[in-house]
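Observations on the model geometry
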Amino acid sequence: MIKEALEKVMSEDMSEMWTILSGDEKRLITDNFTLHHYKKNQIIYAEHEEPEFLWCLLKGKAKLYKDGVGGRQQILRLISPVQYFGYRAYFARELYVHTAAAMEASVVGTFPMSVVKHLIDGNRDVAWYFIHELSRNLGSSDTRIVNLTQKHIRGRLAEALIVLIDHYGLELDGVTLRVYMSREDLANLSNMTTSNAIRTLTAFVNEKLIVVDGRQIRIINEPQLRKISKFG
């Protein structure tokens, strides 16, 4: 059942890494693959734990975050299906420097990093896949650091909303974000206090850029939000 589920998801979503594996390599993964089910807000792995597995989000949504000063969290990255995560620390030969948690009920698959190492040793394309992913993530992190430190509050919150659109998309109505985040999580994604996030959301509502109904956010004027995000 696990093998069938994995092969079905991977073939349908055409995960880039899955397409570069041989039949024997795919069987090696499916033979060592384990499914895990997580509830909303449940920790997948914690900071300072030893990295042993490659994680793949198959269903749901997840976040990578780091605890900061005064107990505040900083969301570092959002994870969407089908996306691999949790491998950088293994390659760096260090413990995890962040925590991963489910943002909603999620299904996550794992296989040992020892299997990944075996694949890399035997398939140069797998090595290049991880080089590309690490390089892309590093570039995104560099850009995000600049944005979070130099943009004004409006620009940071607009950017957070755009990130949510780009990562998770919109519902069938074409305007409602396909993710429901608390004000605190929006603040943590935007590097601001929760009170500032609430005030800025209210300002966006008054400017008819968005409509807020509880944790549901409808995007009314995406071009203007992107403009605010771009110019900060």
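Attention in this report is confined to the structure presented alongside it.

About the cut-offs
- Residues numbered from 1 in each chain as written.
- Predicted model: local features only at pLDDT ≥ 70, side-chain atom pairs only at ≥ 80, totals over all residues.
- Heavy atoms only, no water.
- Axes fitted to C-alpha atoms, helices over the stretch in contact; angles between N-to-C directions.
- Helix = DSSP H or I, 4+ residues; strand = E, 2+ residues; numbered from the N terminus.
- Parallel < 35°, antiparallel > 145°, perpendicular 65-115°, else oblique.
- Contact = heavy atoms within 4.5 Å.
- Nonpolar A, V, L, I, M, F, W, Y, C, P; charged D, E, K, R; others polar.
- Pairing = 2+ DSSP bridges.
- Phe/Tyr/Trp six-rings, centres within 6.5 Å; stacked < 30°, edge-to-face > 60°.
- Buried < 20%, exposed > 50% of the residue type's maximum accessible area, 1.4 Å probe, protein only.
- Lys NZ or Arg CZ within 6 Å of the ring centre and 35° of its normal.

1. Points about the packing of helix H7 (residues 153-168) against helix H8 (residues 183-190)
Two elements in contact, H7 and H8, have axes separated by 9 Å at closest approach and are oriented at 105 degrees. For the element pair H7 / H8, the angle class is roughly perpendicular. Contacts from Arg 156, Leu 157, Ala 160, Leu 161 and Leu 164 of H7 reach H8 at Leu 186, Leu 189 and Ser 190. The residue inventory of the contact of H7 with H8, partitioned by class, reads six nonpolar, one polar and one charged.

2. A short note on the environment of Phe 111
Summarising the element assignment, Phe 111 is placed in strand E8 (residues 106-112). Taking the C-alpha atoms as reference points, Phe 111 and Glu 52, 59 residues apart in sequence, are found 8.6 Å from one another.

3. Some details on the sheet that holds strand E2 (residues 43-45)
The four strands are arranged E2-E7-E4-E5 in an open sheet whose pairing can be described as antiparallel. Sheet topology places E2 and strand E5 (73-79) at the edges, where each strand pairs with a single neighbour. Ignoring strand direction, the axes of neighbouring strands in this sheet form an average angle of 35 degrees. Here H7 sits on the sheet in contact with strand E4 (62-67) and E5, set at roughly 30 degrees to E5. Set on the sheet, H8 makes contact with E4 and E5; between it and E5 the angle comes to about 90 degrees.

4. Considerations on the sheet that holds strand E6 (residues 83-85)
Across a sheet, strands are paired by hydrogen bonds formed along the backbone, either parallel or antiparallel in direction. Pairing is antiparallel across the open sheet formed by four strands, whose spatial order is E1-E8-E3-E6. Lying at the two open borders of the sheet, with one neighbouring strand each, are strand E1 (34-38) and E6. Looking at each pair of strands side by side, their axes are set apart by 30 degrees on average, direction ignored. As paired strands, E1 and E8 are joined by five bridges and run antiparallel to one another. From the neighbouring strand, His 37 faces E8, where its bridge partner is Val 107.

5. Describing the packing of aromatic side chains
Per the stated rule, a full pass over the model turns up 12 aromatic pairs. When the centroid spacing of 5.0 Å and the interplanar angle of 75 degrees are considered together, the rings of Tyr 87 and Phe 130 count as edge-to-face. Here the residue Tyr 87 occupies a position in the loop between E6 and helix H4 (88-92), and Phe 130 occupies one in helix H6 (residues 124-150), the gap between them amounting to 43 residues. Each member of the pair, Tyr 87 as well as Phe 130, is classed as buried. By way of ring pairs, the aromatic residues Tyr 84, Tyr 87, Tyr 90, Phe 91, Tyr 129 and Phe 130 are connected into one cluster. When the ring centre of Tyr 168 is taken as reference, the NZ or CZ atom of Lys 61 above it lies at 5.4 Å. If you follow Lys 63 out to its NZ or CZ, it ends over the ring of Tyr 65, 5.3 Å from the centre.

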